[in-house]
Each structure stands twice: as C-alpha cells, then as structure tokens.
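Structure at a glance
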Amino acid sequence: MTRTVELPLWALVLILAFATVTFASHFLFPSVRWFFRKRLERAVAELNTRLTRPIEPFKLARRHDMIQRLIYDPKVAEAISDHARQTGVPEQVAFETARRYAREIVPRFSASAYFGFAIRVAKLLSRAFYRVRLGAFDEAGLDKVDPDATVIFVMNHRSNMDYVLVTWLAAERSHLSYAVGEWARRWPLRALIRAMGAYFIRRRSKNGLYRRVLSRYVQIATTSGVTQAMFPEGGLSLNGAVGTPRMGLLNYIVEGFEPDHGRDVVFIPVALNYDRVLEDRVLVAADISGERKFRLRLRDVARHVGKHFWQRMTGRFHRFGYASVSFGQPLSLSGFLAANPNLTGAPTGLLARTLMARIRAVVPVLPVPVVSAVMLEQDGRTRAEVAARFAELVDDMRAHGAHIHMPRGDLDYAVEVGLRLLALRQIVTERDGRFCINPPDRDLLTYYANSIAHLSQAIPTPVGHVAPEPDSVTT
C-alpha cells in the first residue's frame with residue numbers, strides 16, 4: 001500500500017483531469033448553480049413587485065425540465081406513436097424526433113437578459129429612429145383584466161420594429177413571449193432571441209408530429225399563464241393594409257382552452273402604424289412580384305447602414321417621423337364562447353375576425369398616411385390644397401371613431417411633417433409651388449394610404465393584397 005508507483009506524465013495528467021471533472025460535476029457545479037439560482041430567484045422576486053403581471057414560474061423553469069415535460073405529454077406521446085406507424089420507423093426514432101422538435105421550440109428565458117438588456121436596447125432603437133407615441137389606451141379596461149388570466153397581445157404586423165416597440169411599451173406590465181420564424185434561427189440571433197423568451201416555429205411545416213409538439217407547447221404555456229404576443233396575419237403586410245388572419249396559433253389556444261377549468265385567456269388587440277416603415281420598399285416590391293420573398297443583398301444593407309452612419313456623423317440625420325401604438329378593447333375567451341354558444345365547428349374563425357376588427361378600429365392615424373391618401377387623390381396640389389383636403393379626411397376619420405395622432409395637435413404642422421418626410425425621400429417633389437408624385441414611388445404612397453383606408457370611405461379601398469396561405473402556421 002505504501003510502495004511507490006511510477007506513471008508516465010500523460011497518465012498522471014489524465015487521472016488528474018478526470019478527478020477534476022468528477023469533483024466539479026459532483027460538488028462545484030451544483031454549488032455554483034445553486035448560488036446563481038438563488039440570486040436569480042431574489043432578483044425575479046424583486047422585479048415581480050414592479051410588474052403589473054409578474055413573471056410566471058413556467059418561464060423560470062429549467063429548459064431541460066420544460067423539454068422533458070413536453071415530450072412526455074400524453075398527447076405528444078400519442079402523436080409519436082402515430083408518426084412511427086405512418087412512417088414505419090421505430091417509436092424510439094420518432095421519440096428522438098419529437099425531442100429534437102421540442103429542443104428547437106422551447107426557449108431559454110433569462111430575466112436579466114430581457115429586462116436588463118433587451119428593454120434598454122428596444123428603448124434606444126425606438127427613440128433613435130422614431131418619435132414614439134402611445135395612442136388609444138383603455139387603461140380602465142386593461143386594469144379590469146383578471147390578474148390570474150393569461151394575457152395575449154394580438155397585433156397587426158407592419159415592420160420588424162413591431163417587436164421592438166411593443167417590447168418596450170409593455171415593459172412595465174410584463175414579459176412578452178413571441179413566436180418567431182426561421183429567420184431568427186441563425187447565429188448569433190438564435191441564442192439571444194431564445195434568451196428573450198421567444199420560441200421558434202416553422203411557418204409552413206405540415207409535419208403532424210411537429211405541429212403536435214408546437215401546439216402542446218403553446219397550450220401548456222397558455223394554461224401556465226405566460227403572457228404572449230402574436231401576429232395573426234402571419235407575416236409582414238405587403239401592401240400596408242391590415243390583412244386577414246391565419247388560424248395556426250389561435251387555433252392551438254382555442255383547442256386547449258377549457259372554460260370551466262383553469263385560467264381565462266384575455267386577448268388584447270394592439271395596432272401599430274408608422275410614418276415610415278424601414279422595409280417599405282422591400283415589402284412593396286414583394287407585393288408587386290406576388291412572391292413573399294425578401295431579397296436583401298448584403299451589399300445593399302451595407303450601403304444603407306453606411307449612409308445612415310454618415311448622416312448621423314454629419315448631423316444630417318432626420319428621424320423617420322412618428323411611430324404610434326394603440327391598445328384596443330380586451331376580449332375574454334370564456335366571455336366570447338359564452339356569448340356565441342351556437343357556433344358550429346371550431347370558433348377560431350369568428351374569434352380571429354373579431355380580433356382583427358378590433359385591431360383595425362384602433363390603427364393610429366399619422367401624418368404620412370394621410371398626406372399619401374391626399375396625393376393619390378389628385379397629383380400636383382399646392383400646399384394649401386393639400387392642407388384643406390388633409391383636414392377633411394382627418395375630420396371624417398375622427399367622426400368614424402378613429403384615433404388621430406397629429407403632432408402638437410396642429411393639423412398645419414402635421415401637413416408640414418408629412419410633406420417634408422416624403423420630400424426627403426424624393427417620393428414627392430415640389431415644382432412651382434405644387435407637390436407632385438415621383439411616378440416610380442406611387443406604389444409607396446399607396447402602401448401608406450392603405451394603412452388607414454378602412455377608417456374612411458373617402459380613401460380608396462386597399463389594393464394589391466397578397467392572400468395568406470391558410471394552412472401555414474401563424475406567428
């Protein structure tokens with residue numbers, strides 16, 4: 001027992017390495033994890049005292065535990081058996097496929113990353129590009145929402161800035177869990193977005209097993225009280241109008257809802273509008289081509305970013321006008337089902353149309369969309385003629401209950417803002433005291449006018465809408 005044993009140096013190093021790993025995995029790592037877990041719990045508890053809707057325990061569960069819960073769910077197990085039988089693969093192979101789907105979907109939420117980093121960045125970006133205004137806001141109605149209910153914000157989708165704006169404006173109320181598409185699964189976005197609590201979806205997947213895993217995650221998150229945000233249109237509006245809804249995620253929520261058991265689900269309509277949408281030319285081009293493909297070349301992106309930084313450095317940068325967010329009348333799912341007891345089949349269709357109607361009702365009216373509508377009616381107007389027709393349209397929309405946001409409450413100044421923003425981009429040019437449309441950019445004016453066309457019969461009906469694919473999974 002006391003004899004000296006000679007070992008090669010490499011063997012000694014290997015033994016010490018194994019001993020170190022064993023010590024760390026059995027003693028050090030659990031202690032470190034426990035220490036940071038305790039600190040996280042204290043930080044979240046303090047944060048929850050400031051939030052209107054505290055962070056749910058489901059969001060704070062370990063990702064591994066959530067994945068295990070999902071893949072061992074009875075309905076997922078049934079889908080695994082069906083998938084194995086239909087494809088002829090062993091059940092263990094189908095089980096591993098389901099596990100891969102679950103790992104792809106389930107987020108890794110970090111409260112410090114979301115409230116310490118994401119909110120600050122969202123606020124910085126929003127104010128850097130826009131003058132942000134909160135439009136219609138039924139605070140009394142929102143305060144009446146059952147504190148135990150699951151809140152889901154349903155929004156029209158104008159720009160990728162939608163995520164940024166709503167995340168910031170809802171920061172004092174709760175964390176928002178988004179569904180994001182394939183574009184966000186690339187490095188380094190994937191880890192960052194997963195830490196924000198977002199979950200990934202395959203928009204056009206028709207795989208039955210994948211859909212079952214996704215639907216059960218959405219249903220479990222909903223019954224656990226996770227505050228969510230979704231875009232029923234399923235993608236960015238190509239022509240500026242509020243589009244028709246897709247049923248994917250809404251249908252999952254309705255299917256998993258039990259009115260007599262558990263929490264209620266309350267949908268809060270949110271409408272967004274902009275004086276300038278960052279991706280407007282790309283979206284209009286996709287609408288004209290009829291293909292929902294956004295061809296962004298790295299060279300073009302670099303050119304625009306370089307131009308932007310140069311304008312910032314030389315003091316010639318002008319913000320992109322106003323961005324406004326309005327909150328509509330909340331809709332209780334249990335109340336909706338009780339008010340419509342005779343619906344045949346799934347009630348998701350009527351629910352979706354009702355929510356989209358409430359979103360359309362609170363779309364903010366901003367200077368550029370109104371000026372665009374005026375210019376499309378008649379080209380070559382003087383400033384005074386534009387201002388007169390501008391005032392008529394605003395009065396008409398206000399009479400129909402639209403939410404009007406005019407800077408400083410001054411219509412003349414609003415006309416000045418709208419014309420200046422369009423002139424800076426050379427969409428409209430001034431010649432001999434008359435404002436004329438640059439012919440290649442007429443479709444851009446139509447894009448902005450379409451965002452408010454449903455609020456007034458005096459504005460032409462939107463055209464050029466690309467119908468969504470009804471079988472696609474919505475975001």
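Residues numbered from 1 in each chain as written. Predicted model: local features only at pLDDT ≥ 70, side-chain atom pairs only at ≥ 80, totals over all residues. Heavy atoms only, no water.

When its secondary structure is counted, the protein chain shows 19 helices and eleven strands. Across the 475 residues that make up the protein chain, the buried fraction comes to 49%. At a minimum sequence separation of 6, the contacts of the protein chain that also span at least 24 residues come to 78%. (Helix = DSSP H or I, 4+ residues; strand = E, 2+ residues; numbered from the N terminus. Buried < 20%, exposed > 50% of the residue type's maximum accessible area, 1.4 Å probe, protein only. Contact = heavy atoms within 4.5 Å.)

Moving on: the packing of aromatic side chains. By the definition in use, this model includes twelve aromatic pairs. Plain terms: the ring middles of Tyr 101 and Tyr 210 are 5.3 Å apart, the flat faces sit at 85° to each other, and that makes the pair edge-to-face. Of this pair, Tyr 101 sits in helix H5 (residues 91–105) while Tyr 210 sits in helix H10 (residues 208–223); the two residues are 109 residues apart in sequence, bridging distant segments of the chain. The buried category is assigned to Tyr 101, whose relative accessible area is 5%. Geometrically, the ring pair formed by Phe 153 and Phe 327 is edge-to-face, given 6.2 Å between the ring centres and 75° between the ring planes. (Phe/Tyr/Trp six-rings, centres within 6.5 Å; stacked < 30°, edge-to-face > 60°.)

This paragraph deals with the nonpolar core. In this structure, Tyr 178, Val 365, Phe 390 and Met 397 are the most contacted members of the largest nonpolar core, which totals 88 residues. Here this core takes nine residues from helix H6 (residues 111–129), the largest share from any one element. Discounting chain neighbours no more than four positions away, the residues touching Tyr 178 are Met 155, Asp 162, Tyr 163, Val 166, Thr 167, Ala 198, Tyr 199, Ala 229 and Phe 231. (Core = buried A, V, L, I, M, F, W, Y, C linked by side-chain atoms within 4.5 Å.)

This brings us to a positive patch on the surface. Judged by side-chain charge, Arg 131, Arg 133, Arg 312, Arg 319, Arg 408 and Arg 420 come together as a positively charged surface patch. Among the structural elements, Arg 319 can be located in the loop between helix H13 (298–314) and strand E7 (322–327). (Patch = residues over 30% accessible without salt bridge, like charges linked within 9 Å, V, L, I, M, F, W, Y side chains within 5 Å. Areas by Shrake-Rupley, 256 points an atom, 1.4 Å probe, with all protein chains shown as cover. Salt bridge = Lys/Arg side-chain N within 4 Å of Asp/Glu carboxyl O. Lys, Arg positive; Asp, Glu negative; His and termini not counted. Charge placed at Lys NZ, Arg CZ, Asp CG, Glu CD.)

The full count for this structure, using the stated rule, is twelve salt bridges. One salt bridge in this structure joins Asp 280 and Arg 425, with 2.7 Å as the shortest N-O distance. Of this pair, Asp 280 sits in helix H12 (residues 280–289) while Arg 425 sits in the loop between helix H18 (411–424) and strand E10 (428–431); the two residues are 145 residues apart in sequence, bridging distant segments of the chain. Judged by its relative accessible area of 1%, Asp 280 is buried. Residue classification places Arg 425 among the buried positions, given a relative accessible area of 16%. Taken together, the shared-partner salt bridges connect Glu 377, Arg 381, Arg 389 and Glu 392 into one network.

Below, the discussion takes up the sheet that holds strand E11 (residues 434–437). Whenever strands of a sheet pair, they do so through backbone hydrogen bonds, lying parallel or antiparallel. Taken in spatial order, the three strands make up an open sheet running E9-E11-E10, and their pairing is antiparallel. Looking at strand neighbours, the two that pair on one side only are strand E9 (381–382) and E10, the edges of this open sheet. (Pairing = 2+ DSSP bridges.)

Glancing now at unusual backbone geometry. A negative phi holds for most residues other than glycine; trans holds for most peptide bonds. Backbone geometry at Arg 408 places phi at a positive 65°, although glycine is not the residue there. Residue placement: Arg 408 occurs in the loop between helix H17 (383–399) and H18. A relative accessible area of 70% means that Arg 408 is categorised as exposed. For Gln 426, which is not glycine, the phi dihedral falls at a positive 60°. Locating Gln 426 in the fold gives a position in the loop between H18 and E10. Residue classification places Gln 426 among the exposed residues on the basis of a relative accessible area of 53%.

Turning to the environment of Arg 85, a few remarks are in order. Within the secondary structure, Arg 85 sits in helix H4 (residues 74–87). Here Asp 82 takes part through its side chain, which lies 2.6 Å from a polar atom of the side chain of Arg 85. (Polar contact = N/O pair within 3.5 Å; in protein donor to acceptor, adjacent residues only side chain to side chain.)

All right, on to H4 then. Between its first and last C-alpha, H4 extends 20 Å over 14 residues, near the 20 Å set by a 1.5 Å rise per residue. Turning to H4, its buried residues number three or more, namely Val 76, Ala 79, Ile 80, His 83 and Ala 84. Taken end-on, H4 shows its buried residues confined to a sector of 140°, consistent with a single buried face. Away from the buried face of H4 by more than 90 degrees, exposed residues Pro 74, Glu 78, Arg 85 and Gln 86 are located. The secondary structure elements touched by the buried residues of H4 are helix H3 (63–71), H5 and H10. Its side-chain oxygen placed 3.0 Å from the backbone nitrogen of Lys 75, Asp 73 serves as the N-cap of H4. (Expected span 1.5 Å × (residues − 1). Arc of directions from axis to C-beta.)

As for its placement among the helices and strands, Ile 288 is situated in helix H12. For Ile 288, a relative accessible area of 58% gives the class exposed. For the pair Ile 288 and Asn 239, spaced 49 residues apart in the sequence, the C-alpha separation amounts to 9.0 Å.

For the rest of this paragraph, the subject is the confidence of the model for the protein chain. For the protein chain, the mean per-residue pLDDT works out to 82, and 82% of the residues sit at or above 70. Confidence drops under pLDDT 50 across residues 32–37; counting only partners more than four residues distant or on other chains, this segment forms three contacts. In the model, residues 464–475 has pLDDT below 50 throughout and makes 42 contacts with residues more than four positions away in sequence or in other chains. (pLDDT = per-residue confidence, 0-100.)

Relative to the helices and strands, Glu 233 is located in the loop between strand E5 (228–230) and helix H11 (248–255). Buried charge Glu 233 goes without a salt bridge, the closest partner of opposite sign being Arg 360 at 6.8 Å. In terms of polar contacts, Glu 233 uses its side chain to reach the backbone amide nitrogen of His 157, at 2.6 Å.

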